[in-house]
Amino acid sequence: MFVFASAVNQFIRLLIVSLRRTKSIIHTYSCSRPGEFSLDMFELVIRNTEEIVTLDELRDLLVKKQNPRAYVGYETSGKIHLGHMLTANKLLDLQKAGFDVIVLLADLHAFLNEKGTLEEVRDIAYYNRDCFMSLGLDPQKTEFVYGTDYQLKDDYVLKILQMARNTTLNRARRSMDEVSRSAENPMVSQMIYPLMQAIDIADLKIDLAVGGIDQRKIHMLAREELPRLGFPAPICMHTPLIPGLDGQKMSSSKGNNISVDEPAEDIEKKIMNAFCPAKVLDDNPIMAIFKYHIFPRLSEMTVKRPAKFGGDVTYQSYEVLEKDFVSGAMHPQDLKKSCSSYLIEILTPVREHIS
Ligand code: STL
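Each value, and the rule that gives it
Residues numbered from 1 in each chain as written. Predicted model: local features only at pLDDT ≥ 70, side-chain atom pairs only at ≥ 80, totals over all residues. Helix = DSSP H or I, 4+ residues; strand = E, 2+ residues; numbered from the N terminus. Buried ≥ 20, exposed ≤ 12 C-beta atoms within 10 Å, placed from the backbone. Contact = placed C-beta atoms within 7 Å. Near = placed C-beta within 6 Å. Nonpolar A, V, L, I, M, F, W, Y, C, P; charged D, E, K, R; others polar. Pairing = 2+ DSSP bridges. Axes fitted to C-alpha atoms, helices over the stretch in contact; angles between N-to-C directions. Parallel < 35°, antiparallel > 145°, perpendicular 65-115°, else oblique. Left-handed = near helix turned anticlockwise from the far one by under 90°. Expected span 1.5 Å × (residues − 1). pLDDT = per-residue confidence, 0-100. Core = buried A, V, L, I, M, F, W, Y, C linked by C-beta atoms within 7 Å. Domains from an automatic or database assignment. Right-handed = clockwise from strand over helix to strand, strands pointing away. Bend = angle between axes of the 7 residues up to and from the residue.

1. Notes on the overall build of the chain
Then, in step 1: Within the chain one finds 15 helices and eight strands.
Then, in step 2: Of all 355 residues assigned to the chain, the portion counted as buried reaches 37%.
Then, in step 3: Across the chain, every contact between residues at least 6 apart in sequence was considered, and the portion connecting residues at least 24 apart equals 75%.

This is the structure in structure tokens:
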């Protein structure tokens, strides 16, 4: 029996790996009834992720539950940028695959992380909501939740305190390594932050917690500690972190990012000046924008080139573009122009709505 089950598992794994290699654009969303989850749909759910903990649990969830609940929490922030948009893109995929999507505008977390007064972070949350909605989330199937609406209630606070009794200082601190502002000399508030994230997952009845890979230690803490308080362990899905426009880590102080409501001329300027060494994929923000922002939204895209440089090329998948870039058949300069015009097009609804 065990041998049979593991052979089936192995087969599904191979199928997924081969699907990942051969297909990146999914045009059909055939069905989402429990037990009838199509492979196209499964590919849509898992594409462009760095890690899923665990894939078996996710497969099980899709078979058993018709509309599972997925969430991303965002610390409310003055600018919503390409980094935030990466997890928002994943929410779009999940929504198309039948998930109910919850966006937590974590204003209280922003307050804990010294981003402003309670009033300021709440105001920013409303602005963030508008940005996320204009990225294409379905208003009927998206629930926006504000941290300060429930995280100050007695029962929430009691759960935090219960979890605090079970969690060592060391563990809470380590879970914040990747996200913390002041890793050297952390405040007590920083230790409460990951516990709140865990209790959010329980309170919002989340099946699938989505976040950047920098969230993984906090999510692992949640997986371990929630069952001790009688809540299910969430399935966790992590997206990669994409490099900033200079090829370095994204950072608001470095200005190496593009906000979703940035004027078209600024987007163009930033993209044309971005780090994009010929043939090199590592730390290449332009190729990352194609992979994580442009291709997931468009079924094909064209790089326009003068005839003397080979003429226009239309790509139906990121993989083919990547091959041409790595071989040197596609030059960074042509690529940047096309990257800029597609990104401007994708972000047009945000600019129009926000202005
Ligand atoms: C950051 C940087 C980052 C992610 C977050 C914060 C996430 C915040 C959050 C808050 C509450 C939740 C879930 C996530 O329930 O990359 O400063």
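2. Section: the site of the ligand
Then, in step 1: The ligand sits among Gly73, Glu75, Leu104, Ala106, His109, Asn113, Val179, Gln197, Asp200, Gly212, Asp214 and Gln215.
Then, in step 2: Split by residue class, the shell around the ligand holds three nonpolar, six polar and three charged.

3. As for the sheet that holds strand E2 (residues 69-75)
Strand pairs in the sheet, formed through backbone hydrogen bonds, run parallel or antiparallel to each other.
Then, in step 1: Taken in spatial order, the six strands line up as E1-E6-E5-E2-E3-E4 in an open sheet, and their pairing is mixed. Each of the sheet's edge strands pairs with one partner strand only, and the pair in question is strand E1 (51-53) and strand E4 (142-146). Pairs of neighbouring strands in the sheet enclose a mean axial angle of 20°, with direction left out of account.
Then, in step 2: Examined bridge by bridge, E1 and strand E6 (residues 235-239) share three bridges and lie antiparallel to one another. The residue bridging Val53 from the neighbouring strand is Cys236, located in E6.

4. Quick word on the packing of helix H10 (residues 188-203) against helix H11 (residues 216-225)
Then, in step 1: Their axes nearest at 9 Å, the elements H10 and H11 cross at an angle of 60°. With respect to H11, the axis of H10 lies oblique. Here H10 runs over H11; the crossing is right-handed. Residue-level inspection shows Pro194, Gln197, Ala198 and Ile201 of H10 in contact with H11, the latter providing Ile218, Leu221, Ala222 and Glu225.
Then, in step 2: Of the residues contributing to the contact of H10 with H11, the split by class is six nonpolar, one polar and one charged.

5. A closer look at H10
Then, in step 1: A rise of 1.5 Å per residue sets the reference length of H10, with its 16 residues, at 22 Å; its end C-alpha atoms lie 23 Å apart and thus fit the reference within 8%.
Then, in step 2: Among all positions in H10, only Gln190, Tyr193, Pro194, Leu195, Met196, Gln197, Ala198, Ile199, Asp200 and Ile201 are buried.

6. A word on the packing of helix H6 (residues 118-134) against helix H15 (residues 332-354)
Then, in step 1: Following both chains from N to C, one finds H6 and H15 inclined at 145°, their axes separated by 8 Å at the closest point. In this structure, the crossing between H6 and H15 has a hand that is right-handed. The segment H6 lies against H15, with Asp130, Cys131 and Ser134 engaging Pro349, Val350, His353 and Ile354.
Then, in step 2: Across the contact of H6 with H15, the residue classes break down as four nonpolar, two polar and one charged.

7. Quick look at the confidence of the model for the chain
Then, in step 1: Chain-level statistics for the chain give a pLDDT mean of 90 and a share of 89% at 70 or above.
Then, in step 2: In the model, residues 11-34 has pLDDT below 50 throughout and makes 33 contacts with residues more than four positions away in sequence or in other chains.

8. Description of the nonpolar core
Then, in step 1: Ala70, Tyr71, Ala209, Val210, Ile286 and Cys339 are the most contacted members of the largest nonpolar core, which totals 80 residues.
Then, in step 2: Residues lining this core come from more than one domain, with at least three contributed by each of domain 1 (65-239) and domain 2 (252-354).
Then, in step 3: Other than its neighbours up to four places away in sequence, Ile286 contacts Ala274, Cys276, Pro332, Leu335, Lys336 and Cys339.

9. Topic: the pairing of E2
Then, in step 1: Among the seven residues of E2, seven are classified as buried, and the element is accordingly described as predominantly covered.
Then, in step 2: Where E2 and strand E3 (residues 100-106) come together, seven bridges link them in parallel fashion. Residue pairing across strands places Arg69 opposite Asp100, the latter belonging to E3.
Then, in step 3: Handedness of the E2-helix H4 (residues 82-96)-E3 crossover: right-handed.

10. Structural notes on unusual backbone geometry
Trans is the common state for peptide bonds, and a negative phi is the common state for residues other than glycine.
Then, in step 1: In this chain, Val53 is followed by Thr54 through a cis amide linkage whose omega measures -5°.
Then, in step 2: Tracing the backbone through its elements, the reader meets Thr54 in the loop between E1 and helix H3 (55-64).
Then, in step 3: Although it is not a glycine, Asn48 adopts a positive phi angle of roughly 55°.
Then, in step 4: Looking at the element boundaries, Asn48 is found in the loop between helix H2 (39-46) and E1.
Then, in step 5: Its 19 C-beta neighbours within 10 Å are what place Asn48 among the partly exposed residues.
Then, in step 6: The phi dihedral of Glu114 falls on the positive side, at around 60°, and the residue is not glycine.

11. Observations concerning the environment of Ser355
Then, in step 1: Topologically, Ser355 is positioned in the segment after H15.
Then, in step 2: The exposure class assigned to Ser355 is exposed, which follows from the 7 C-beta atoms found within 10 Å.
Then, in step 3: Residues Ser355 and Asp261 lie 94 residues apart in sequence; the distance between their C-alpha atoms is 8.4 Å.

12. Some thoughts on H15
Then, in step 1: Under the 1.5 Å per step criterion, the end-to-end length of H15 is 31 Å for 23 residues, consistent within 8% with the ideal 33 Å.
Then, in step 2: When the local axis directions of H15 are compared, the greatest deviation, roughly 50°, occurs at Leu347, which is followed within four positions by the proline Pro349.
Then, in step 3: Of all the residues in H15, the buried ones are Leu335, Ser338, Cys339, Ser340, Tyr342, Leu343, Leu347 and Val350.
Then, in step 4: For H15, the secondary structure elements touched by its buried residues are H6, helix H12 (264-272), helix H13 (285-294), strand E7 (301-303) and helix H14 (318-327).

13. As for the environment of Lys337
Then, in step 1: Tracing the backbone through its elements, the reader meets Lys337 in helix H15.
Then, in step 2: By the C-beta count within 10 Å, which is 16 here, Lys337 ends up partly exposed.
Then, in step 3: In this structure, the C-alpha to C-alpha distance between Lys337 and Arg305, residues 32 residues apart in sequence, is 9.6 Å.

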